[in-house]
2 protein chains.
Amino acid sequence: MKTVVGLDLGGTFIKVGLVNEKGKILKKEQLLTLGKKGKRTVLSQMEKGIKFALKGEKNVSGIGIGTPGLVDKNGKVFSAPNLPDWNNLPLKKIFQDKFHLPVVVENDVNTITSGEYVYGAGKGYKNIICITLGTGLGGGMILNGKLFRGSKLSAAEIGHIPICFGGPKCNCGNVGCIERYVGATYISQIARESIKKGRKSKIKEIVKGDLKKISPRVISQAYQKGDSLAKEIWEKVGLYLGTMLSGLINLLNPEIIIIGGGIAQAGKPLFDSIDKEIKKRAFPLLAKDVKVVPAKLGTDSGIISAASLIIGESKK
Amino acid sequence: MKTVVGLDLGGTFIKVGLVNEKGKILKKEQLLTLGKKGKRTVLSQMEKGIKFALKGEKNVSGIGIGTPGLVDKNGKVFSAPNLPDWNNLPLKKIFQDKFHLPVVVENDVNTITSGEYVYGAGKGYKNIICITLGTGLGGGMILNGKLFRGSKLSAAEIGHIPICFGGPKCNCGNVGCIERYVGATYISQIARESIKKGRKSKIKEIVKGDLKKISPRVISQAYQKGDSLAKEIWEKVGLYLGTMLSGLINLLNPEIIIIGGGIAQAGKPLFDSIDKEIKKRAFPLLAKDVKVVPAKLGTDSGIISAASLIIGESKK
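Residues numbered from 1 in each chain as written. Chains lettered and ligands numbered in written order. Predicted model: local features only at pLDDT ≥ 70, side-chain atom pairs only at ≥ 80, totals over all residues.

Colleague: Is there a simple way to think about the overall build of chain A in this case?
Modeller: Broken down by element type, chain A carries 11 helices and 12 strands. A compact globule built from 316 residues would reach a C-alpha radius of gyration of about 20 Å, and chain A, at 20 Å, matches this within 12%. In terms of overall dimensions, chain A has C-alpha extents of about 60 × 45 × 35 Å along its principal axes. When the 316 residues of chain A are sorted by exposure, 53% land in the buried category. (Helix = DSSP H or I, 4+ residues; strand = E, 2+ residues; numbered from the N terminus. Rg over C-alpha atoms; globule rule 2.2 N^0.38 Å. Buried ≥ 20, exposed ≤ 12 C-beta atoms within 10 Å, placed from the backbone.)

Colleague: What should I look at first to understand the sheet that holds strand E4 (residues 60–67) of chain A in this one?
Modeller: Backbone hydrogen bonds hold the strands of a sheet together, and the pairing may be parallel or antiparallel. Residues and elements named next belong to chain A. Pairing is mixed across the open sheet formed by 5 strands, whose spatial order is E3-E2-E1-E4-E7. Where the open sheet ends on each side, the last strands, each with one partner, are strand E3 (25–32) and strand E7 (103–107). Within this sheet the neighbouring strands show an average axis-to-axis angle of 15°, counted without direction. With 5 bridges joining them, E4 and E7 adopt parallel strand pairing. What sits directly across from Thr67, in E7, is Asn107. Set on the sheet, helix H1 (residues 39–54) makes contact with strand E1 (3–9), strand E2 (13–20), E3 and E4; between it and E2 the angle comes to about 25°. Where helix H2 (residues 91–99) meets the sheet, it contacts E4 and E7, and its direction lies at approximately 155° from that of E7. (Pairing = 2+ DSSP bridges. Axes fitted to C-alpha atoms, helices over the stretch in contact; angles between N-to-C directions. Contact = placed C-beta atoms within 7 Å.)

Colleague: How should the relation of the copies chain B and chain A be read in this particular structure?
Modeller: Here two copies of a chain appear, and what relates them is a rotation about an axis with a shift along it. Mapping chain B onto chain A leaves a residual RMSD of 0.0 Å; the transformation is a rotation of 180° accompanied by 0.0 Å of translation along its axis. The superposition operator between the copies reduces to a two-fold rotation axis. By C-alpha distance to the rotation axis, the residue of chain B lying nearest is B:Cys164, at 2.1 Å. (Least-squares fit on C-alpha atoms with pLDDT ≥ 70 in both.)

Colleague: Which parts of the structure should I look at to understand the sheet that holds strand E1 (residues 3–9) of chain B?
Modeller: Residue and element names in this part refer to chain B. Across the sheet, which stays open at both edges, the 5 strands sit in the order E3-E2-E1-E4-E7 with mixed pairing between neighbours. With partners counted over all chains shown, the strands left at the sheet margins are strand E3 (25–32) and strand E7 (103–107), one partner each. Neighbour to neighbour, the strand axes of the sheet diverge by 15° on average, direction disregarded. Across 7 bridges, strand E2 (residues 13–20) lies against E3 in antiparallel orientation. Bridge pairing in E3 links Lys15 to Gln30. Contacts from helix H2 (residues 91–99) reach strand E4 (60–67) and E7 within the one sheet, and its direction differs from that of E7 by about 155°. Along the sheet, helix H3 (residues 108–118) makes contact with E4 and E7, crossing E7 at roughly 110°.

Colleague: Which parts of the structure should I look at to understand helix H5 (residues 184–196) of chain A?
Modeller: Along an α-helix, residues three or four apart share an orientation, since each turn contains 3.6 residues. Residue and element names in this part refer to chain A. Counted at 1.5 Å a residue, the expected span for H5 with its 13 residues is 18 Å, and the 18 Å between its end C-alpha atoms agrees. Every buried residue of H5 is listed here: Ile187, Ser188 and Ala191. Buried residues in H5, looked at end-on, bunch into an arc of 95°, giving them a common side. What points out from H5, more than 90 degrees from its buried face, is the exposed set Thr185, Glu193 and Lys196. Considering only its buried residues, H5 is in contact with helix H4 (179–182), helix H6 (202–206), helix H7 (216–224) and helix H8 (228–252). Directly after H5, the chain includes Gly198, whose backbone phi takes a positive value near 105°. (Expected span 1.5 Å × (residues − 1). Arc of directions from axis to C-beta.)

Colleague: I keep staring at the nonpolar core and nothing clicks. Help me out?
Modeller: Inside soluble globular proteins, nonpolar side chains tend to come together where they are buried. A:Leu7, A:Tyr240, B:Leu7 and B:Tyr240 are the most contacted members of the largest nonpolar core, which has 194 residues in total. With residues up to four places along the chain from it excluded, the contact list for B:Leu7 reads B:Ile14, B:Val16, B:Met46, B:Gly49, B:Ile50, B:Ile63, B:Ile65 and B:Ala306. (Core = buried A, V, L, I, M, F, W, Y, C linked by C-beta atoms within 7 Å.)

Colleague: What am I meant to see in the pairing of E7(A) here?
Modeller: Two faces make up the sheet, and in a regular strand the side chains alternate between them. Burial analysis of E7(A) places 5 of its 5 residues in the buried class, which makes it a mostly covered element. Of the two faces of E7(A), the one carrying A:Val103, A:Val105 and A:Asn107 and the one carrying A:Val104 and A:Glu106 are both buried.

Colleague: Is there a simple way to explain the packing of H5(A) against H8(A) in this structure?
Modeller: Helix-helix packing: each pair is described by the crossing angle between the helix axes and the interaxial distance. Residues and elements named next belong to chain A. Where H5 meets H8, the closest approach of the two axes is 10 Å, and the angle between their N-to-C directions is 140°. Looking at the two axes, H5 sits oblique to H8. Crossing of H5 over H8 shows right-handed handedness. For the pair H5 and H8, contact is made by Ile187, Ile190, Ala191 and Ser194 and by Leu229, Ile233, Lys236 and Val237, respectively. The residue makeup of the contact of H5 with H8, split by class, is 6 nonpolar, 1 polar and 1 charged. (Parallel < 35°, antiparallel > 145°, perpendicular 65-115°, else oblique. Left-handed = near helix turned anticlockwise from the far one by under 90°. Nonpolar A, V, L, I, M, F, W, Y, C, P; charged D, E, K, R; others polar.)

Colleague: Would you mind going over the interface of chain B and chain A with me for this structure?
Modeller: The figure often quoted for interface size is the accessible area lost as the parts come together. Contact with chain B, which involves 37 residues of that partner, is made by 37 residues of chain A. The set of elements that each furnish at least two residues to the side of chain B that touches chain A consists of helix H8 (228–252) and helix H10 (284–287) of chain B. Looking at the side of chain B that touches chain A, the element that brings in the most residues is H8(B), giving 8 residues. Among the residues forming the side of chain B that touches chain A, the class breakdown is 22 nonpolar, 10 polar and 5 charged.

Colleague: What exactly am I supposed to notice about helix H3 (residues 108–118) of chain A here?
Modeller: Across the 11 residues that make up H3(A), a large majority, 11, are buried. Where H3(A) is concerned, the buried positions are A:Asp108, A:Val109, A:Asn110, A:Thr111, A:Ile112, A:Thr113, A:Ser114, A:Gly115, A:Glu116, A:Tyr117 and A:Val118.

Colleague: How should I be thinking about the domain arrangement of chain A in this particular structure?
Modeller: All names here are of chain A. Here the domain parsing of chain A yields domain 1 (3–119 + 299–315) and domain 2 (124–295). Taken together, the contact pairs 14 residues of domain 1 with 17 residues of domain 2. Of all the secondary-structure elements, those providing two or more residues to the side of domain 1 that touches domain 2 are strand E5 (70–71), E7 and H3. Broken down by element, the side of domain 1 that touches domain 2 gets its largest block of residues, 7 residues, from H3. For the side of domain 1 that touches domain 2, the per-class residue count stands at 6 nonpolar, 4 polar and 4 charged. (Domains from an automatic or database assignment.)

Colleague: Can you walk me through the environment of B:Asp227 in this structure?
Modeller: Residues and elements named next belong to chain B. Relative to the helices and strands, Asp227 is located in the loop between helix H7 (216–224) and H8. With 22 C-beta atoms counted inside 10 Å, the residue Asp227 sits in the buried group. As a C-alpha pair, Asp227 and Gly69 span 158 residues in sequence and 38 Å in three-dimensional space. If near-sequence neighbours (up to four positions away) are discounted, Asp227 is found in contact with Ser201, Lys202, Ile203 and Ala222.

Colleague: Would you take a moment to explain unusual backbone geometry for this structure?
Modeller: The bulk of non-glycine residues show a negative phi, and the bulk of peptide bonds are trans. One non-glycine residue, A:Leu34, lies in the positive phi region at around 55°. Overall, the presence of 13 C-beta atoms within 10 Å leaves A:Leu34 in the partly exposed class. Although it is not a glycine, B:His100 sits at a positive phi angle of roughly 50°. Within the secondary structure, B:His100 is located in the loop between H2 and E7. For B:His100, a count of 8 C-beta atoms within 10 Å corresponds to the exposed category.

Colleague: Help me out: how do you make sense of the confidence of the model for chain A in this one?
Modeller: Do not read the predicted coordinates in detail wherever pLDDT is low. Looking at chain A as a whole, the pLDDT averages 93, with 98% of positions reaching at least 70. Across the assembled chains, the prediction reports ipTM 0.90 with pTM 0.92. (pLDDT = per-residue confidence, 0-100.)

What follows is the structure, given as structure tokens:
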């Protein structure tokens, strides 16, 4: 069976592994990214990782790389948060020249989308929206069975679809972006402000009065204990996400929406609330068959998904 | 040169013609739709029109049909406004069996999108968003050089993307849909309410005090005469449309956005205002190259576009 190298470049760690066609990791390794030391160091760390994965292997058919930032169709990285000097970096060419193997480079959320499509919750579907919900809101799309990349740069900046033309200012410069409502900071802020206004909540007990410690995880814990504020917050998040997703359903008629990232672990209250809003808001003919499900690939999803970039291509 | 039959099924008229590969109409005819008499009558009117176009022709390579309503990939119509008994109607099969020629059926806005892609403002581009702005707001998309149809039914219900999660109720059941802000009725309403509140405006002069007569066309006329209310209205419409389109630019990274329909004739003030909002709101890297232009095909766009459904297919 053929194998593929999958490399997940993160702000802190590089995770790299050798993956077989079934999406099973045969060996893996973790290295520090060392982004502050500049791109040469990062590239050399990546090279080390890839060499580890390739060592002693003969049947490797390519290298898949997931990276933060905006990537074009030639595998050039235009900008990447946490990697300040990554600008116009021809990542694909660099590693193709070095290892004489096909290399596919994609941004991290497109990579996860590909992974979920080839090995995860999206297996068997042709039109998929994948969002990752954490500090920010990232997104990727499979349209007609292919990762959709837009005309130039990786598209699917789902986090910056506005859900209110006059909403609060977002870091991107626009106002009312969905990320500005459902990013981890903003979810926590809803809880903090309600408690400061005197609202009683188990959230306060869990963080022992230290409101800075409030996080989506804490809100989920409070929800489990029957806290009404926590319930309201997940309903609100569902309303915001459901509004944005209803627009995407009306626009793209996807079969399945996959939600990953830390906040997706809120589980049932979040998914119920999203479902409810979609049923209320999207075209019934388009909404009735769409599934909203959690991402399926676990801890090593970054490596497996990066590998899927190569395996998925060869399956077309 | 090969020719194609293009048929544009409207609520009132059926327009049908014989079109050559270059998009030139060689002959055309207009018939009454007679929707109230039921589907048999409408089908028989369509048949008459197609027979007219086919008469004496030998080199006809197919029949393209643009119809209102939701259409699936097999050319089945699920529902169509103004054609009450058009439900589950296998339009493609009916005419394929009748004329023994390839038939492509698409909803009307997808049809126009195809026409603009093959013969109009979208020629040469691969990622196109097309909207038609009139009583309602319709949309179609070319993604990676193909008309995007979604997983089941023609997608791109762009008019029902929400731009405000708590906005006013739309006919579709959702709230805050873009159509609810920029449909002809709503644009006229802004003018009417301002004038009722005592705002002075040339709009009132043009309709000679009969506020029911206010239409987007009247507002454009007032704008030409330097009316400040008219200017504000187009700015507002641009803000709403710009908000929605910025989301689509961030999501899909299109190369060009084509705007057709009656309201697009407002011209410069509308397009300037949309441009301004897009520059303010969308990701600069994605916004800087996107063109926003008026549709190019004129009065016979329905016939030419329907023909493009066949010609575009054969060019793939």
